[in-house]
Protein chains: 2
Amino acid sequence: MTMKTSMKSDIEIAQASIMKPIVEIAAKIGLEENDLELYGKYKAKISNEALNKIKTNEDGKIILVTSINPTPAGEGKSTVTVGLGDAFNRLGKKVMIAMREPSLGPIMGIKGGATGGGYSQVLPMEDINLHFTGDIHATTTANNALAALIDNHIQQGNELNIDQRRIVWKRALDLNDRSLRKVVVGLGGPLQGVPREDGFDITVASEVMAVLCLASDLKDLKLRLSRMVVAYNVNKEPVTVGDLGVAGALALLLKDAVKPNLVQTIEHTPALIHGGPFANIAHGCNSVIATTAAQKLADYVITEGGFGADLGAEKFLHIKSRCAGIKPEAVVLVATIRALKMHGGVEKQDLAKENISALTLGTANLQKHIETIKSFGLPVVVAINKFITDTALEVKTLLEWCEKEKVPVALTEVWEKGGEGGKELAQTLLEVIGKIQNDFHPLYELSDSIEQKIRTIVQAVYGGKDVEFLPKAKKQLADFEKFGWSHLPVCMAKSQYSLSDDPSKLGRPIDFTVTIRELKPSIGAGFIVALTGEVMTMPGLPKKPAALNMDVDEHGNALGLF
Amino acid sequence: MTMKTSMKSDIEIAQASIMKPIVEIAAKIGLEENDLELYGKYKAKISNEALNKIKTNEDGKIILVTSINPTPAGEGKSTVTVGLGDAFNRLGKKVMIAMREPSLGPIMGIKGGATGGGYSQVLPMEDINLHFTGDIHATTTANNALAALIDNHIQQGNELNIDQRRIVWKRALDLNDRSLRKVVVGLGGPLQGVPREDGFDITVASEVMAVLCLASDLKDLKLRLSRMVVAYNVNKEPVTVGDLGVAGALALLLKDAVKPNLVQTIEHTPALIHGGPFANIAHGCNSVIATTAAQKLADYVITEGGFGADLGAEKFLHIKSRCAGIKPEAVVLVATIRALKMHGGVEKQDLAKENISALTLGTANLQKHIETIKSFGLPVVVAINKFITDTALEVKTLLEWCEKEKVPVALTEVWEKGGEGGKELAQTLLEVIGKIQNDFHPLYELSDSIEQKIRTIVQAVYGGKDVEFLPKAKKQLADFEKFGWSHLPVCMAKSQYSLSDDPSKLGRPIDFTVTIRELKPSIGAGFIVALTGEVMTMPGLPKKPAALNMDVDEHGNALGLF
């Protein structure tokens with residue numbers, strides 16, 4: 001998205017690309033038409049039967065793509081993920097890409113799509129960026145059906161003695177809508193329900209989305225749904241979906257959403273796009289079902305964690321890997337010279353000018369993430385995603401810095417050149433895998449207290465000094481221990497822009513304290529969310545939303561979508 | 001749904017049926033695989049190109065299925081619609097069925113599915129009754145994206161001077177959720193938007209759904225969306241989607257939803273299931289695009305209007321027919337002996353007992369609907385949908401009553417026997433079409449005032465004495481005249497259970513006055529909604545919602561869905 005040098009936009013490049021029928025793409029990875037549920041010619045879900053059939057296949061190797069802390073300059077992590085997959089494909093490797101489904105909220109708002117950019121895109125990008133195969137809509141529906149069933153339970157006599165002041169289940173929409181953050185529902189008298197405070201989260205921040213992405217299959221999905229805590233009763237004990245007796249109905253609503261979606265890149269590399277939790281307020285990885293299916297179908301799986309390594313990679317390694325028994329072979333850390341210069345103090349409008357001292361200063365952010373990945377016992381390769389304004393001296397400076405830091409590095413030009421522009425990175429990875437010792441281990445144990453887990457993440461991953469728990473969070477720590485939830489991993493909700501919880505602190509801040517204002521039990525997903533700073537679970541729209549530029553012609557072609 | 005005599009449930013019959021690949025069904029009506037966008041093996045959307053290609057075909061004949069006022073005894077209108085299509089098919093006619101998509105709200109709540117019953121069902125019923133091809137979710141998303149864009153416009157400076165107390169655009173969910181009827185949004189301080197009163201309608205009551213169902217194509221859809229009134233400004237002038245500049249974005253969100261969905265019956269008759277407005281609070285008919293496409297693809301099209309003839313048929317004939325230039329050849333009026341006995345004063349638990357006097361009393365309801373259809377200049381055939389408890393004397397009594405009234409009548413047994421059970425009805429219709437004079441004309445002119453249109457419907461269709469406009473509605477009549485909206489047809493929002501606006505008045509009430517409490521401009525849809533009595537635009541859930549019985553097994557099979 002930042003790599004544009006030609007006059008063509010992402011959507012123009014995508015619409016000019018000729019896709020192969022998805023059955024042909026499936027054939028490459030050993031799937032027959034019968035293993036697919038087609039959604040048009042170019043999208044398909046993989047059937048439950050096919051997922052069962054491949055379970056005895058050998059596991060492919062996982063490569064996790066992450067990045068430095070994102071800046072308005074753009075890093076192109078999704079673009080590198082796609083281009084790297086295409087590069088492996090060009091090198092004759094049996095490869096699949098596993099990525100998240102984009103949320104409509106940011107698409108209608110401010111952000112580009114999450115389907116890569118330039119000549120490294122997954123297709124059909126319009127469909128993937130709009131309703132795709134309906135997974136997120138099914139998630140929204142299950143979430144809100146549950147909310148309606150909770151309020152109806154209270155209205156109809158409240159057999160479970162739910163304390164209506166202590167309902168923790170929020171409604172959800174897959175939109176950016178700040179007006180729904182804090183609402184009062186049930187107004188209008190006794191026939192319209194019980195008035196209470198409520199709020200809407202964006203669907204990709206909901207526990208149903210996390211459950212969908214961490215479930216191993218439909219049976220596990222139903223179990224996880226039934227464990228979700230929706231409220232506390234008048235005795236302050238948790239009330240679950242299982243108590244309400246509606247886990248079956250919610251699982252039924254998700255029976256198709258749980259199947260992974262097969263699409264292709266511009267270069268016809270197979271890609272699974274499935275599940276889309278945000279990485280700042282949720283766990284930020286595509287579904288376990290998609291990643292493990294890709295492992296069974298290919299020798300190499302390129303996947304990503306959202307935002308920077310402090311969020312997406314940390315959560316991939318502590319939550320998803322642990323949950324699914326996945327061990328990555330190597331981690332790619334994407335950086336751009338422009339973004340590093342921003343971390344070194346340059347303003348966005350000055351990025352086109354050479355600035356070696358700012359670049360050198362900005363490498364501190366990259367350095368911290370390299371240290372973090374290494375502390376997990378994993379090999380790391382830096383990918384410098386080239387941009388037209390990068391000067392030769394800047395590139396040389398950064399390459400030399402990597403050499404000094406003894407970290408393997410490769411230049412990528414995937415936006416302009418597709419897989420060809422990712423070959424150097426792919427070759428570096430193939431050298432690294434097997435050569436550099438892989439001693440993958442988590443940074444905290446599940447037996448640590450929740451407080452200790454948070455402290456470990458803040459100190460070891462963010463490089464912070466300390467953690468402060470506000471009174472509400474302190475009380476919750478005690479409650480959660482009492483409820484037997486202390487053994488769960490932690491899902492941090494934190495600004496993506498900084499290693500700290502203050503988005504204005506770029507580079508490598510030190511001596512900072514992270515403030516935990518509230519905890520949220522996601523017992524179905526199987527983690528405790530720790531909310532820091534001002535992180536919002538429902539974004540807002542900007543002054544000029546992207547929706548103002550969107551259109552469709554009379555033939556049904558999307559216009560103005562990036 | 002009421003016709004069950006075997007031990008098998010609707011879902012068991014459906015799941016035991018063997019579907020043909022949808023490409024085979026499409027071939028029957030002259031469509032190639034290339035004309036379809038497949039959603040799995042058994043569902044497909046018809047492409048825009050195919051819809052264009054068939055435009056020059058000759059028009060088939062339309063048969064509209066409607067019924068007496070529904071009762072808890074059940075009438076089986078959808079079941080008769082499906083069985084009648086199958087019967088035409090058995091008689092060697094080229095036939096298609098055109099029906100609405102079911103809403104998830106009632107499915108999770110209390111009602112059976114809307115896909116027919118017994119051996120007269122459209123398949124795959126689980127998919128059609130759950131998310132189907134995502135049309136309703138796209139509608140919900142477009143509706144709520146617009147709501148977010150309105151609130152964002154105000155938050156970001158309110159260039160259009162929208163009076164935040166006069167926003168008429170409501171949010172929507174495809175669920176039964178009484179707690180969302182009246183809400184306050186935008187709480188939490190200046191960063192969370194502007195606090196205001198708001199509410200959610202069920203999606204199938206939304207104007208976006210009406211627009212989707214009345215648009216002739218994507219271009220017309222966009223025009224209609226741009227005309228939708230969302231609020232009034234500080235000068236009390238209407239503010240439209242066009243003023244906000246987001247009609248293109250909303251049309252983009254609906255670009256696939258606007259294409260009709262092809263499925264099949266148990267007997268492999270092709271059916272288009274597309275669009276799903278409720279009939280009590282919206283206009284109650286499947287999409288114009290589906291009905292007109294079916295007309296181009298088949299010689300006979302069997303379609304329905306929701307609930308009784310006072311709602312679904314009146315709206316089909318005054319709104320949809322006028323908008324699309326459709327003229328039905330004949331109308332089927334479905335009745336059951338059980339339901340007529342309820343209209344004659346029998347309680348549900350006593351329906352199994354023979355009761356000739358109650359039946360005779362109940363025919364008054366049937367009689368009014370026959371008169372109404374005839375007043376539109378249309379031939380009408382009564383379909384007596386047989387039930388196991390009907391006695392020979394009851395059947396004889398009703399047949400003789402029809403003979404006395406000089407109305408053609410046929411017995412149907414479509415629940416048990418599929419198309420075979422609808423042959424008598426099909427043959428009666430074939431005789432009637434062409435023989436009985438068809439002099440179709442609306443009961444009011446568009447040039448009549450809104451007040452006059454409402455009065456005509458109340459007197460000529462409901463058999464009421466008068467209309468009372470509450471002060472708010474009176475004020476709106478004047479305003480709407482000023483805004484130039486008087487030429488639009490009227491969409492009545494009224495209880496389905498009675499010819500009057502009081503659901504307790506069964507049979508054929510007389511001397512009643514209908515109260516109009518409020519009007520709602522649906523300028524994009526192209527009608528004025530008149531709200532009577534206590535009609536709710538967001539239903540609630542019952543004490544034991546159907547969701548409690550729903551489940552899915554580990555293979556993905558739906559359980560407990562009817």
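Residues numbered from 1 in each chain as written. Chains lettered and ligands numbered in written order. Predicted model: local features only at pLDDT ≥ 70, side-chain atom pairs only at ≥ 80, totals over all residues. Heavy atoms only, no water.

Identification of chain A as Formate--tetrahydrofolate ligase from Neobacillus cucumis is taken from an unreviewed UniProt entry. Turning to chain A, the UniProt record has this under Sequence similarities (unreviewed entry): "Belongs to the formate--tetrahydrofolate ligase family." For the record of chain A, the UniProt heading Catalytic activity (unreviewed entry) holds the text "(6S)-5,6,7,8-tetrahydrofolate + formate + ATP = (6R)-10-formyltetrahydrofolate + ADP + phosphate". (UniProt positions renumbered as here; feature names shortened; annotations may be inferred.)

A. Seen up close, the state of the cysteines. Residue and element names in this part refer to chain A. If you walk through the whole model with that rule in mind, you get zero disulfides over all chains. Here Cys323 is not disulfide-linked; the sulfur of Cys285 is the nearest cysteine sulfur, at 10 Å. Assessed through its relative accessible area of 33%, Cys323 is described here as partly exposed. (Disulfide = S-S within 2.5 Å. Buried < 20%, exposed > 50% of the residue type's maximum accessible area, 1.4 Å probe, protein only.)

B. The interface of chain B and chain A, seen in detail. Taken together, the contacts link 73 residues of chain B with 73 residues of chain A. For the chain B and chain A pair, buried surface summed over both sides reaches about 6200 Å², with 61% attributable to carbon and sulfur atoms. If you look at where chain B meets chain A, you find six salt bridges. Salt-bridge contacts for B:Lys222 lead to A:Asp551; the nearest nitrogen and oxygen are separated by 2.9 Å. For the pair chain B and chain A, the number of links is 33 residue pairs in polar contact (both at pLDDT 80 or more). Looking at which element gives the most residues to the side of chain B that touches chain A, the answer is helix 7 (residues 135-155) of chain B, with 10 residues. When the residues that make up the side of chain B that touches chain A are grouped by side-chain class, the tally is 36 nonpolar, 20 polar and 17 charged. (Contact = heavy atoms within 4.5 Å. Buried area = accessible area lost by both parts, 1.4 Å probe. Salt bridge = Lys/Arg side-chain N within 4 Å of Asp/Glu carboxyl O. Polar contact = N/O pair within 3.5 Å; in protein donor to acceptor, adjacent residues only side chain to side chain. Helix = DSSP H or I, 4+ residues; strand = E, 2+ residues; numbered from the N terminus. Nonpolar A, V, L, I, M, F, W, Y, C, P; charged D, E, K, R; others polar.)

C. Here's a closer look at the confidence of the model for chain A. Residue and element names in this part refer to chain A. Overall, the prediction assigns chain A a mean pLDDT of 95, with 98% of residues at 70 or greater. Segment residues 1-5 is flagged for pLDDT under 50; beyond a separation of four residues in sequence, or across chains, it makes 22 contacts in the model. Interface scoring of the predicted complex returns ipTM 0.95; its pTM is 0.96. (pLDDT = per-residue confidence, 0-100.)

D. View of the packing of helix 8 (residues 207-214) of chain B against helix 9 (residues 218-227) of chain B. Residue and element names in this part refer to chain B. Closest axis-to-axis distance for the helix 8/helix 9 pair is 9 Å, and the angle between their directions is 150°. Considering their axes alone, helix 8 and helix 9 lie roughly antiparallel with respect to each other. The crossing of helix 8 and helix 9 is right-handed. The residues of helix 9 that touch helix 8, namely those facing Val211, Leu212 and Leu214, are Asp220, Leu221, Arg224 and Leu225. Residue composition of the contact of helix 8 with helix 9, by class: five nonpolar, no polar and two charged. (Axes fitted to C-alpha atoms, helices over the stretch in contact; angles between N-to-C directions. Parallel < 35°, antiparallel > 145°, perpendicular 65-115°, else oblique. Left-handed = near helix turned anticlockwise from the far one by under 90°.)

E. Broad picture of the sheet that holds strand 12 (residues 229-233) of chain A. Residues and elements named next belong to chain A. Pairing is antiparallel in the open sheet, where three strands are placed in the order 7-12-13. Lying at the two open borders of the sheet, with one neighbouring strand each, are strand 7 (162-167) and strand 13 (238-240). Ignoring strand direction, the axes of neighbouring strands in this sheet form an average angle of 50°. Here strand 12 runs beside strand 13; their pairing, made up of three bridges, is antiparallel. Residue pairing in the sheet places Tyr232 in a bridge with Pro238 of strand 13. In this fold helix 7 (residues 135-155) packs onto strand 7 and strand 12, with an angle of close to 135° to the strand it touches most, strand 7. (Pairing = 2+ DSSP bridges.)

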